[in-house]
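Spelled out from the first residue to the last, the chains are:
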Amino acid sequence: MRRGIVVAGIVLLIIGFVLTFVPVVPQTSETVYSDSYAPDYHAHITEYSLTGNIAVAVSWTANASVVILAAALSCQGSGCPNESITQVSGLINQSGTSGSFTLQQPSGGSFIMGIWSTAGNVSASATFKLTTAITEIGALFVIIGVLLLIVGLVLRRKVKAPAATPGPGATSTVTTTTPAPPAPPPPGATALR
């Protein structure tokens, strides 16, 4: 039972770390346009994270050559992109017609994405496909896994010590005792018949 608890704890820890650090949940696709006011897309992933960051994987395709700019911010709200540059915790710059990247959005923060056409005045659009980590469920799995691991390691095995048996080829020694002869009667005593 002790081994089973330890194994269950390790399995839950591994699942928890995967859910925390690997983006596995697809979100809705978003399309942004080069002729709109940049940044065109402003999102906020509302998840609790043990690490303080939420992994967001982004893949994109565009109908023309564009420059992609994405940033993770430690703030949120409509005025967030215009606030101090010190709130930017990650910045991605890619160009072409497709690509992918991963952002670490701070817990309680947000991220922005915008595109600019590199073909003069040609209007371009890009579709972003987002995939996020499940940090809240991952944190729950990690906590339960740690608790099971601790319980499994602390439990003592209750095993009875086996009786000692002679090994093969061993000789057994039998000890016999001879009863002592009866004591002689004291002087002057008459023997009973």
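Shown above is the structure to which this text applies.
Rules used throughout
Residues numbered from 1 in each chain as written. Predicted model: local features only at pLDDT ≥ 70, side-chain atom pairs only at ≥ 80, totals over all residues. Heavy atoms only, no water. Phe/Tyr/Trp six-rings, centres within 6.5 Å; stacked < 30°, edge-to-face > 60°. Helix = DSSP H or I, 4+ residues; strand = E, 2+ residues; numbered from the N terminus. Buried < 20%, exposed > 50% of the residue type's maximum accessible area, 1.4 Å probe, protein only. Axes fitted to C-alpha atoms, helices over the stretch in contact; angles between N-to-C directions. Parallel < 35°, antiparallel > 145°, perpendicular 65-115°, else oblique. Left-handed = near helix turned anticlockwise from the far one by under 90°. Nonpolar A, V, L, I, M, F, W, Y, C, P; charged D, E, K, R; others polar.

**Q** Would you take a moment to explain the packing of aromatic side chains for this structure?
**A** Any two aromatic rings considered together are summarised by their centre-to-centre distance and by the angle between their planes. In this structure the tally under the stated criterion is one aromatic pair. On the basis of an interplanar angle of 10 degrees and a centroid distance of 6.0 Å, the ring pair of Phe17 and Phe21 is categorised as stacked. With Phe17 and Phe21 both in helix α1 (residues 2-21) and four residues apart, this pair spans about one turn of that helix. Judged by its relative accessible area of 43%, Phe17 falls in the partly exposed class.

**Q** Sorry if this is basic, but what is going on with the packing of α1 against helix α2 (residues 135-154) here?
**A** The axes of two packed helices give the description: the angle between them and the distance between them. Where α1 meets α2, the axes come as close as 7 Å, and the angle between the chain directions of the two elements is 160 degrees. With respect to each other, α1 and α2 are oriented roughly antiparallel. Considering only the axes of α1 and α2, their crossing is left-handed. In terms of residue class, the contact of α1 with α2 is built from 19 nonpolar, seven polar and one charged.

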